[in-house]
Amino acid sequence: MALIELTTLVKGPAEQVFDICLDVDAHTASMSRSRERVVGGVTSGRMALGDTVTWAARHFGVPWRLTSRISAYDRPHRFVDEQVTGPFQHWHHEHTFTSDKPAQATIMRDVIDFAAPLGPLGRIVDRLLLERYMRRLIENRNTHLARLFAAESGQGR
């Protein structure tokens, strides 16, 4: 089992940052390196409580398919996506958003609890490979979403 915790400062109000993080199109664009695409469920726009989406991508040269569901939703403070079916033994990703009014920004926090399948072998893969890979993937996603938000709000000019 692996635990990743990331904090990203995004210049903008929590409501808008929250919405962009739930936007399927923004997510797809942020994952272009892995050629991630939607193949089922909500295919465009913002997701809400109970919505599912199925992603197909290539990681480590291997095709992956993952269906996740929005299992908790408290706009603009928090949402959780969890794997319904896919390559992980489990995947639980909590997103929280805290306004930093003096900085006119939002503190976006990701806590990702996941585990590869295959018991002890999976734990070794988590430690040696997946944890670092997934951290970098989510960091890149967050950087992309922060830039996207800045561009959409006119702050990137």
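All values reported here derive from a predicted model rather than from experimental measurement.

Asks: Got a sec to walk through the pairing of strand E5 (residues 78-85)? Specific residues and values, please.
Replies: Sheet analysis places strand E4 (residues 62-74) next to E5, joined by seven bridges and oriented antiparallel. In the strand pairing of E5, Tyr73 is matched with Phe79. Here E4 hands over to E5 after three residues, the two strands then running antiparallel side by side. As defined by bridge partners, E5 adjoins strand E6 (residues 90-100) across five bridges and the pair is classed as antiparallel. By the bridge assignment, Glu82 is partnered in E6 with His92. In this structure, the hairpin formed by E5 and E6 is closed by a connection of four residues, where Gly86 is found at a positive phi of approximately 155°.

Asks: So what's going on with the packing of aromatic side chains? Which residues, and what values?
Replies: All told, the structure shown has 10 aromatic pairs when counted by the stated rule. Relative to Tyr73, the ring of Phe18 has its centre 5.4 Å away and its plane inclined at 75°; by these criteria the two rings are edge-to-face. One end of the pair, Phe18, is in helix H1 (residues 14-21); the other, Tyr73, is in strand E4, and 55 residues separate them in sequence. Look at Phe18 and you get buried, because its relative accessible area is 0%. Ring geometry for Phe18 against Phe79: centres 5.5 Å apart, planes inclined by 85°, an arrangement best described as edge-to-face. Of the two residues, Phe18 sits in helix H1 while Phe79 sits in strand E5, which places them 61 residues apart along the sequence. Judged on exposure class, the residue Phe18 and its partner Phe79 are both buried. An aromatic cluster is present here, built from Phe60, Trp64, Phe88, Trp91, Phe114 and Tyr133 joined pairwise through their rings.

Asks: Tell me about H1, and name the residues and values.
Replies: For an α-helix, 3.6 residues make a turn, and residues three or four places apart therefore share a direction. Counting buried residues along H1, six of its eight residues qualify, which places the element largely inside the surrounding structure. Within H1, the full set of buried residues consists of Ala14, Val17, Phe18, Asp19, Ile20 and Cys21.

Asks: How would you summarise the side chain of Glu36 if you had to cite specific residues and measurements?
Replies: Structurally, Glu36 is set in the loop between helix H2 (24-30) and strand E2 (37-41). The buried charged residue Glu36 lacks any salt bridge, with Arg141 as its nearest oppositely charged partner at 7.7 Å. Leave out the neighbours within four places in its chain, and Glu36 touches His27, Thr28, Met31, Trp55, Ala56, Ala57 and His59.

Asks: Kindly report on the nonpolar core, identifying the contributing residues and their values.
Replies: Counting 34 residues, the largest nonpolar core has Phe97, Phe114 and Met134 as its most contacted members. Looking at this core, the elements with two or more residues in it are strand E1 (2-10), H1, H2, strand E3 (52-59), E4, E6, strand E7 (105-115) and helix H3 (119-152). It is H3 that contributes the most residues to this core, seven residues altogether.

Asks: Give a detailed account of the sheet that holds E2, specifying residues and quantitative values.
Replies: Paired through backbone hydrogen bonds, the strands of a sheet run either parallel or antiparallel to each other. Read from one edge of the open sheet, seven strands run E1-E7-E6-E5-E4-E3-E2, paired in antiparallel fashion. The sheet is open, and its two edges are formed by E1 and E2, each paired on a single side. Shown here is a sheet whose adjacent strand axes are inclined to one another by a mean of 25°, direction ignored. Sheet topology note: the E3/E4 ladder contains eight bridges and is antiparallel. Bridge assignment links Arg58 to a residue of E4, and that residue is Pro63.

Cut-offs and rules
Residues numbered from 1 in each chain as written. Predicted model: local features only at pLDDT ≥ 70, side-chain atom pairs only at ≥ 80, totals over all residues. Heavy atoms only, no water. Pairing = 2+ DSSP bridges. Helix = DSSP H or I, 4+ residues; strand = E, 2+ residues; numbered from the N terminus. Phe/Tyr/Trp six-rings, centres within 6.5 Å; stacked < 30°, edge-to-face > 60°. Buried < 20%, exposed > 50% of the residue type's maximum accessible area, 1.4 Å probe, protein only. Lys, Arg positive; Asp, Glu negative; His and termini not counted. Salt bridge = Lys/Arg side-chain N within 4 Å of Asp/Glu carboxyl O. Contact = heavy atoms within 4.5 Å. Core = buried A, V, L, I, M, F, W, Y, C linked by side-chain atoms within 4.5 Å. Axes fitted to C-alpha atoms, helices over the stretch in contact; angles between N-to-C directions.

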